[in-house]
Amino acid sequence: MKLNLASQALLLTAFLAQQHGIVVHAACPFAHLFGSSTTQQSDEHHNNHDTNQQHQIQMMANDPIFNSINSNLNREEVTNERRKLQAECGADFVFTTALYEQIETEVAEIAAGKNLNNGERGRFFGGILRLAAHDFMDFNRLAASGEEGGSDGCLVFHEDDNKGLEAVWVADSQDTIHPVPLLQTIYEEMYEPMGMSRADYWVAIANAVVKISSPDQDYVLPFRYGRISNEDCGFSEGRQPKANGCSDIEEVFINRMGVTWRDATALMGGHTLGGGSADASGHEGIWDNTRAGSAEFNNDYYDELLNRAWRPRLNGANLAHDWTWAGPNNGNFPFLMLHTDVCLYFDIPEDGTAHCCTDIGGNCRDNEVQNIQCPTAQNVRPEAFTAVEEFSNSNNVGVRSAFDESTLGLRGLRKKGHGGNGGG
């Protein structure tokens with residue numbers, strides 16, 4: 001995908017302002033478009049500058065210094081120079097609605113180039129949502145000051161629980177194995193020099209995914225900007241939830257993050273996007289019932305959990321590894337539920353000894369468990385049990401409300417934020 005004219009203009013203006021000392025309506029690059037250290041101007045005022053700048057930008061487009069930037073400097077050097085550009089002038093970054101919507105457009109344009117029917121688009125959406133979710137799921141309200149974690153644009157990428165995220169974001173600028181994903185390139189070349197934090201960007205692209213992938217593209221999450229990125233979050237290693245069962249959900253979501261079981265159940269519904277990979281998480285398959293459906297953010301996750309006959313899928317040690325309802329001929333792209341999904345509604349053991357079917361009235365596709373009904377979690381986890389039924393029957397309205405409530409606070413945990421300007 002090529003950057004659109006507006007995106008190219010923003011990057012070009014900033015770079016040339018640094019190289020040639022060009023004054024662009026303010027002391028700092030991008031201040032004329034996104035506010036200055038002394039005033040926060042409206043979107044209407046920002047847009048009025050566009051026509052006046054077009055002739056100047058077009059004249060700059062062939063500048064040999066600009067055209068040679070990526071060939072003369074490596075990625076880390078370019079990024080460092082761009083950071084200096086904004087830091088030296090001390091400008092306040094303003095996250096306008098226009099900028100937020102531009103990010104949304106970029107995510108949509110990249111997604112449109114992904115194949116819907118083979119699951120590629122769903123994996124793209126799911127990877128972005130997973131990146132932002134893992135960023136806030138390392139929050140620990142009980143940790144020492146400065147080590148709480150949360151939405152800080154920082155993950156321990158080498159952790160097993162974060163495997164596969166390199167398809168969305170490459171942590172090390174010297175990484176020569178994984179190509180830099182396009183969204184990361186756009187951020188580092190355009191938004192980071194403006195002063196936008198990586199933490200805010202991860203939330204913005206995740207919010208864009210939720211809107212773009214929702215039915216009728218009408219689900220707009222609240223957005224607050226002002227998060228501060230952390231460059232070292234080694235203290236958070238080991239905080240990501242495992243997939244053993246609801247004790248993992250309780251430890252991460254309830255105890256450390258301080259949310260309710262209803263909130264946790266809403267957040268788990270994010271699994272409706274994308275799928276698992278044996279090479280990354282060790283769990284292969286999709287949560288939705290079609291590959292195209294894995295690119296749509298809706299309440300199918302809860303419908304699938306309740307309305308399919310799920311049975312344990314065994315590993316090499318003959319222990320329950322995860323759950324599926326697919327037959328043996330669908331092994332190349334199986335349907336999937338983790339123990340942490342199934343336990344929200346059913347009371348299952350966490351030691352791999354689960355030996356039951358979630359709906360013996362359906363086809364469990366395994367004679368050994370066809371007549372063994374998994375008990376429900378109505379008595380042991382009543383709030384999660386009730387939430388699954390509520391979200392399944394809500395026609396997306398209930399789960400959207402719960403997702404709003406749980407993510408609005410979590411995505412900005414312990415971070416200073418400004419309200420409203422993002423428009424979503």
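See the structure shown above.
Conventions adopted
Residues numbered from 1 in each chain as written. Predicted model: local features only at pLDDT ≥ 70, side-chain atom pairs only at ≥ 80, totals over all residues. Heavy atoms only, no water. Disulfide = S-S within 2.5 Å. Helix = DSSP H or I, 4+ residues; strand = E, 2+ residues; numbered from the N terminus. Axes fitted to C-alpha atoms, helices over the stretch in contact; angles between N-to-C directions. Parallel < 35°, antiparallel > 145°, perpendicular 65-115°, else oblique. Left-handed = near helix turned anticlockwise from the far one by under 90°. Contact = heavy atoms within 4.5 Å. Nonpolar A, V, L, I, M, F, W, Y, C, P; charged D, E, K, R; others polar. Phe/Tyr/Trp six-rings, centres within 6.5 Å; stacked < 30°, edge-to-face > 60°. Buried < 20%, exposed > 50% of the residue type's maximum accessible area, 1.4 Å probe, protein only. Lys NZ or Arg CZ within 6 Å of the ring centre and 35° of its normal. Core = buried A, V, L, I, M, F, W, Y, C linked by side-chain atoms within 4.5 Å. Salt bridge = Lys/Arg side-chain N within 4 Å of Asp/Glu carboxyl O.

Enquirer: Account for the state of the cysteines, naming residues and giving values.
Expert: Each disulfide is one covalent bond, formed between the sulfur atoms of two cysteines. Taken as a whole and assessed by the stated rule, the structure comprises four disulfides. In this model, cysteine 356 is linked to cysteine 374 through a disulfide, with the two sulfur atoms separated by 2.0 Å. Between cysteine 356 and cysteine 374 the sulfur-sulfur dihedral comes to about 95°; the bridge is accordingly right-handed. With cysteine 356 in the loop between helix H14 (339–342) and helix H15 (382–392) and cysteine 374 in the loop between H14 and H15, this pair connects stretches of sequence that are 18 residues apart.

Enquirer: Please set out the packing of helix H8 (residues 120–136) against helix H10 (residues 198–213) residue by residue, giving values where relevant.
Expert: How two helices sit against one another is set out by the angle between their axes and by the gap between those axes. Contact geometry of H8 with H10 gives a least axis separation of 9 Å together with a crossing angle of 135°. Classified by the angle their axes make, H8 and H10 are oblique. Helix-helix and strand crossings are classified by hand; for H8 and H10 the assignment is left-handed. Of H10, the residues touching H8 (which contributes Phe125, Ile128, Leu129, Leu131, Ala132 and Asp135) are Trp202, Ile205, Ala206, Val209, Val210, Ile212 and Ser213. Classifying every residue of the contact of H8 with H10 by side-chain character gives eleven nonpolar, one polar and one charged.

Enquirer: How would you sum up the packing of helix H7 (residues 97–112) against helix H9 (residues 182–194)? Please name residues and give values.
Expert: As a packed pair, H7 and H9 sit with axes 11 Å apart at the nearest point and diverge in direction by 165°. Classified by the angle their axes make, H7 and H9 are roughly antiparallel. Considering how the two elements wind past one another, H7 and H9 form a crossing that is right-handed. Facing H7, whose interface residues are Leu99, Gln102, Ile103, Glu106, Val107 and Ile110, H9 presents Leu182, Leu183, Ile186, Met190, Tyr191 and Met194.

Enquirer: Please provide a residue-by-residue account of the packing of aromatic side chains, values included.
Expert: Overall, the coordinates contain 19 aromatic pairs when judged by the stated rule. Consider the rings of tryptophan 169 and tyrosine 187, whose centres lie 5.7 Å apart with planes at 55°: the pair is tilted. In this pair, tryptophan 169 sits in the loop between H8 and H9 while tyrosine 187 sits in helix H9, placing the two residues 18 residues apart along the sequence. Each member of the pair tryptophan 169 and tyrosine 187 is classed as buried. Here the aromatic rings of tyrosine 302 and phenylalanine 391 are separated by 5.2 Å at their centres, their planes lie at 65°, and the arrangement is edge-to-face. Placement of the pair is tyrosine 302 in helix H13 (residues 300–307) and phenylalanine 391 in helix H15, with a sequence separation of 89 residues. Of the residues examined, tyrosine 302 reaches a relative accessible area of 0% and is grouped as buried. Judged by relative accessible area, which is 0%, phenylalanine 391 ranks as buried. Here the aromatic cluster, defined as three or more aromatic residues joined through ring pairs, consists of Phe157, Trp169, Tyr187, Tyr191, Tyr201 and Trp202. Taking the ring centre of tryptophan 325 as reference, the NZ or CZ of arginine 308 above it sits at 4.0 Å.

Enquirer: Can you break down the nonpolar core residue by residue, with the values?
Expert: Ranked by size, the top nonpolar core spans 44 residues in total, and within it Ile249, Phe253, Met257, Trp323, Met337 and Leu344 carry the most contacts. Counting only elements with at least two residues in this core, the list comes to H8, helix H11 (246–256), helix H12 (261–268), H13, strand S5 (320–324) and H15. Excluding residues within four positions of it along the chain, methionine 337 makes contact with Trp287, Tyr301, Glu304, Leu305, Trp310, Asp322, Trp323 and Val342. Listed in part, the 43 residues of the second largest apolar core include Ile103, Met190, Met194 and Tyr219.

Enquirer: Account for the pattern of salt bridges, naming residues and giving values.
Expert: Working definition: two side chains of opposite charge can pair if their charged atoms are close together. In this structure the tally under the stated criterion is ten salt bridges. Among the ionic pairs, lysine 242 bridges to aspartate 161, the shortest N-O distance being 2.5 Å. Taken together, the residues lysine 242 in the loop between strand S1 (224–225) and H11 and aspartate 161 in the loop between H8 and H9 connect sequence positions 81 residues apart. On the basis of relative accessibility, which here comes to 38%, the residue lysine 242 falls in the partly exposed class. Residue aspartate 161 is classed as partly exposed on the basis of its relative accessible area of 21%. Note that arginine 262 and glutamate 390 form a salt bridge whose closest N and O atoms lie 2.8 Å from each other. Within this pair, whereas arginine 262 is found in helix H12, its partner glutamate 390 is found in helix H15, the two being separated by 128 residues in sequence.

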